[in-house]
Amino acid sequence: MSLTNEIIKQRLVEKFGDQLTDWVEPYGMLTFTAPKDQNLKVLQFLFDDAELRFQFLTDLQAVHYPAKKGEELAVVYHLHNLVDNVRIRFKVFADITKPDVFSATALYQSANWMERETYDFFGVNFLGHPNLIRVLNVDEMDYFPMRKEFPMEEQTRVDKDDAMFGR
Amino acid sequence: MQSTEHIVLPEGSLEKLTTTLNLGPTHPATHGVFQNILEMDGERIQKATSTVGYIHRAFEKIAERRPLYQITPLTDRLNYCSSPINNMGWHLTCEKLLGVETPKRVDYLRIIIMELARISDHLICNSIVGVDSGAFSGFLYLMQYRELIYEIYEEVCGSRLTTNIGRIGGFERNFTNAAFEKLERFLKEYPVQLKEFENLFLRNRIFMGRTIGCGPISAERALNYGFTGPNLRAAGVDYDVRVHTPYSSYQDFDFTVPVGTTGDCYDRFLVRGEEMWQSLSIINQAYKKVQEFKGTEADIFHADVPAYYLPEKKDVYTKMEALIYHFKIIMGETEIPAGEVYTSVEGANGELGFYLISDGGRTPYRLHFRRPCFIYYQAYPEITKGSMLSDAIITMSSLNLIAGELDA
């Protein structure tokens with residue numbers, strides 16, 4: 001349990017310098033942002049480094065931020081060092097008009113379906129993925145449903161004008 | 001290569017030496033709605049292609065328009081064999097985001113419910129492995145005891161399968177005496193039956209012959225494939241969220257984490273079996289701790305979080321403040337603090353994670369469920385390659401694939 005967030009941050013800054021940004025620790029989990037084209041290098045470094053050993057990919061998914069122009073899609077990686085029991089999270093941001101992100105499938109078999117799911121719902125194009133097709137939605141679908149431009153009915157809306165039930 | 005001399009194929013037909021077999025989407029042997037397209041060479045599987053998504057219900061999208069308490073019923077339908085664990089995992093995520101501290105009694109009651117859910121999940125899985133290897137009676141023995149577990153749920157929350165059990169901060173009502181009586185009955189009767197079940201299987205020559213060496217996976221491959229839970233532990237990695245990142249006061253309990261060596265069906269069966277014994281021990285310990293709360297302490301069943309925990313109905317009718325909170329909660333008009341949180345619990349199939357991003361609105365900005373099934377099911381083509389069809393079916397049931405958790 002000697003591996004602390006400070007050490008991880010120090011090791012990463014030594015290696016990547018100021019390419020990694022937005023260091024925060026929400027609820028104790030070290031979180032940072034990496035440049036889009038560096039995601040595999042960061043993953044590989046975290047995997048190989050004898051001290052860090054982040055060799056378990058817990059989760060991979062995307063978030064859509066329509067307001068952030070030029071970096072609308074965030075791909076979020078959750079990694080776990082099972083030996084020291086430390087988790088970290090890092091994000092890469094991609095432009096929605098050209099959402100190309102390198103695939104982590106060469107490093108993690110588990111990334112295969114997680115990336116397919118992310119492609120399926122957000123349209124992130126994982127370069128180098130062996131089989132980037134839809135996994136949960138129908139193959140004929142021609143849009144990416146988890147993007148924010150497809151809103152659900154607002155259940156908690158504030159303009160309640162119906163006198164009886166408020167909706 | 002087989003000789004094709006005597007076979008005359010029609011003009012233009014594609015010559016193919018393997019047979020394509022559709023296993024699923026609705027087939028009694030798949031125990032759930034998902035499909036495998038198998039390329040068979042005789043009775044050996046050359047290649048399996050898994051198709052999932054038949055019951056995809058877009059929970060992550062729906063959750064973006066729901067206040068926190070309305071998301072609990074969605075989590076029910078992930079792994080529906082152990083809904084309470086999903087519910088509790090969701091409550092714990094909300095509590096972490098909101099900074100709610102739950103009383104010890106709530107933690108212990110939650111542990112009782114979660115471990116009951118783990119038992120009910122494992123007993124289904126293990127007895128189904130029995131059914132798929134031709135031993136039906138073990139299934140009938142254990143199935144009665146799932147009924148007893150469901151009766152306990154019913155006494156606590158009113159429902160049985162999709163439980164929607166608990167609230168943010170605790171439980172909707174205190175456990176009744178009847179609930180504890182049912183728990184005592186279960187704790188008394190179940191070990192006897194589980195022992196008998198194990199006597200049927202553990203040293204059974206046929207069962208061992210069918211499961212040893214069937215669908216194995218090495219620890220290294222299992223980790224690379226993102227296995228968690230009993231399937232990973234059967235491969236020899238002692239990763240258990242309850243021990244690594246204790247939640248709901250699991251650190252107060254004394255239990256061991258069973259591990260296997262080969263990661264085959266037999267090891268998975270053994271690991272699940274031993275986990276049931278460990279769960280029984282945890283429930284006994286937790287029940288003892290719960291009984292130690294006397295007087296007013298024994299009436300504590302939720303934390304004090306008025307903005308998220310529904311007030312008592314009689315207060316709603318008589319007190320202004322309670323009435324306001326009641327409406328604010330029901331109409332989902334409470335702002336969630338902005339933040340980003342990942343919480344995981346040890347689900348019956350592995351690490352069930354909730355990744356919640358809130359932008360300070362009334363609903364999550366983004367919610368992602370890390371469903372263990374979905375992640376480890378990817379390994380299915382690899383671990384069944386070259387095996388017999390009947391072994392592939394046992395492998396499928398011993399991985400405990402739950403369609404609800406695959407598709408979310």
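Residues numbered from 1 in each chain as written. Chains lettered and ligands numbered in written order. Predicted model: local features only at pLDDT ≥ 70, side-chain atom pairs only at ≥ 80, totals over all residues.

Student: Which residues make up the overall build of chain B, and what values go with them?
Tutor: Check the secondary structure of chain B and you find 17 helices and 6 strands. Since a compact globule built from 408 residues should have a radius of gyration of about 22 Å, the 23 Å found for chain B is in line with a globular shape. Projecting the C-alpha coordinates of chain B onto the three principal axes gives extents of approximately 90 × 50 × 35 Å. Relative to its full complement of 408 residues, chain B shows a buried share of 50%. Taking all contacts inside chain B whose residues are at least 6 apart in sequence as the whole, residues at least 24 apart take part in 71%. (Helix = DSSP H or I, 4+ residues; strand = E, 2+ residues; numbered from the N terminus. Rg over C-alpha atoms; globule rule 2.2 N^0.38 Å. Buried ≥ 20, exposed ≤ 12 C-beta atoms within 10 Å, placed from the backbone. Contact = placed C-beta atoms within 7 Å.)

Student: Explain the domain arrangement of chain B to me, using residue names and the numbers behind them.
Tutor: All names here are of chain B. The domains assigned to chain B are domain 1 (19-51) and domain 2 (59-407). Listed per partner, the contact involves 14 residues of domain 1 and 19 residues of domain 2. Considering every element that reaches the side of domain 1 that touches domain 2, the biggest residue donor is strand β3 (residues 44-51), with 6 residues. Of the residues assigned to the side of domain 1 that touches domain 2, the class counts are 6 nonpolar, 5 polar and 3 charged. (Domains from an automatic or database assignment. Nonpolar A, V, L, I, M, F, W, Y, C, P; charged D, E, K, R; others polar.)

Student: Can you tell me about the sheet that holds strand β5 (residues 350-358) of chain B, naming the residues and giving the values?
Tutor: Residues and elements named next belong to chain B. Strand order in the open sheet formed by 3 strands is β4-β5-β6, and the pairing between neighbours is antiparallel. Because the sheet does not close on itself, it has two edges, and the strands there are β4 (339-347) and β6 (366-370). Here the average twist between neighbouring strands, direction ignored, is 10°. Packed on one face of the sheet, helix α3 (residues 83-98) meets β4 and β5 and runs near 150° to β4. (Pairing = 2+ DSSP bridges. Axes fitted to C-alpha atoms, helices over the stretch in contact; angles between N-to-C directions.)

Student: Pulling in residues and values, what's your account of the sheet that holds strand β4 (residues 73-81) of chain A?
Tutor: Residue and element names in this part refer to chain A. One open sheet holds the 5 strands; their spatial order is β1-β2-β5-β4-β3, and the pairing between them is mixed. The open sheet has two free edges, formed respectively by β1 (21-24) and β3 (56-64), since each of these has just one partner strand. The average undirected angle you get between the axes of adjacent strands in this sheet is 15°. Two elements, β3 and β4, share 8 bridges in a ladder whose sense is antiparallel. Following the sheet pairing, A62 is matched in β4 by V75. Relative to the sheet, helix α3 (residues 111-122) contacts β3 and β4, its axis offset from that of β3 by approximately 5°.

Student: If you had to explain the nonpolar core to someone new, which residues and values would you point to?
Tutor: One finds A:L73, A:V75, A:V124, B:I112, B:V156 and B:L406 to be the most contacted residues of the largest nonpolar core, which totals 152 residues. Here the element with the most residues in this core is helix α4 (residues 104-132) of chain B; it accounts for 14 residues. In terms of domain composition, this core takes at least three residues from each of domain 1 (19-51) and domain 2 (59-407) of chain B. Ignoring anything within four residues of it in the chain, the contact list for B:V156 reads B:I113, B:I165, B:F171, B:F175 and B:A179. (Core = buried A, V, L, I, M, F, W, Y, C linked by C-beta atoms within 7 Å.)

Student: Summarise α3(A); cite the residues concerned and give the values.
Tutor: Here α3(A) contains 12 residues, and its C-alpha end-to-end distance of 16 Å stays within 8% of the 16 Å for a straight helix at 1.5 Å per residue. Every buried residue of α3(A) is listed here: A:A111, A:N112, A:W113, A:M114, A:E115, A:R116, A:E117, A:T118, A:Y119, A:D120, A:F121 and A:F122. Those residues of α3(A) that are buried lie in contact with β3, β4 and β7 (125-127) of chain A together with α14 (372-376) of chain B. (Expected span 1.5 Å × (residues − 1).)

Student: Can you lay out the interface of chain A and chain B for me, pointing to particular residues and giving the numbers?
Tutor: Contact residues are listed per partner, giving 31 residues for chain A and 37 residues for chain B. With 6 residues, β3(A) is the largest single contributor of residues to the side of chain A that touches chain B. Grouping the constituent residues of the side of chain A that touches chain B by class yields 15 nonpolar, 12 polar and 4 charged.

Student: Account for unusual backbone geometry, naming residues and giving values.
Tutor: Residue and element names in this part refer to chain A. Positive phi, close to 55°, is recorded for D22, a residue that is not glycine. Inspection of the secondary structure puts D22 in strand β1. Note on D22: 11 C-beta atoms within 10 Å, which makes it exposed.

Student: Mind laying out the packing of α4(B) against helix α11 (residues 265-291) of chain B, listing which residues take part and the relevant values?
Tutor: Helix packing for two helices is described by the angle between their axes and how far apart those axes are. Residue and element names in this part refer to chain B. For the pair α4 and α11, interaxial distance at closest approach is 8 Å and the crossing angle is 155°. Regarding the angle of α4 to α11, the classification is roughly antiparallel. Considering the relative orientation of α4 and α11, their crossing is left-handed. Partitioned by chemical class, the residues of the contact of α4 with α11 number 17 nonpolar, 4 polar and 6 charged. (Parallel < 35°, antiparallel > 145°, perpendicular 65-115°, else oblique. Left-handed = near helix turned anticlockwise from the far one by under 90°.)

Student: Help me get a handle on helix α1 (residues 5-16) of chain A, residues and values and all.
Tutor: Note: α-helices contain 3.6 residues per turn, so residues at a spacing of three or four share the same orientation. The terminal C-alpha atoms of α1(A) lie 16 Å apart, and with 12 residues this matches the ideal 16 Å at 1.5 Å per residue to within 8%. Backbone geometry just after α1(A) places A:G17 at a positive phi near 65°.

Student: Got a sec to walk through the environment of B:D315? Specific residues and values, please.
Tutor: All names here are of chain B. Tracing the sequence through the fold places D315 in helix α12 (residues 313-318). Here D315 falls in the partly exposed class, since 15 other C-beta atoms lie within 10 Å of it. Along the sequence, D315 and A235 sit 80 residues apart, while their C-alpha atoms lie 53 Å from each other.

Student: Which residues make up the environment of B:A63, and what values do they have?
Tutor: All names here are of chain B. As for its position among the elements, A63 is in helix α1 (residues 59-63). As a C-alpha pair, A63 and T363 span 300 residues in sequence and 7.5 Å in three-dimensional space. The residues touching A63, leaving out its near neighbours within four places in the chain, are I71, L74, P364 and L367.

Student: For the pairing of β6(B), give the residues involved together with the corresponding values.
Tutor: Residue and element names in this part refer to chain B. Counting buried residues along β6, 5 of its 5 residues qualify, which places the element largely inside the surrounding structure. Side chains of β6 alternate between two faces, with R366, H368 and R370 and L367 and F369 buried alike. In terms of strand pairing, β5 meets β6 through 5 bridges, oriented antiparallel. Along β6, the bridge assignment pairs Y355 with H368.

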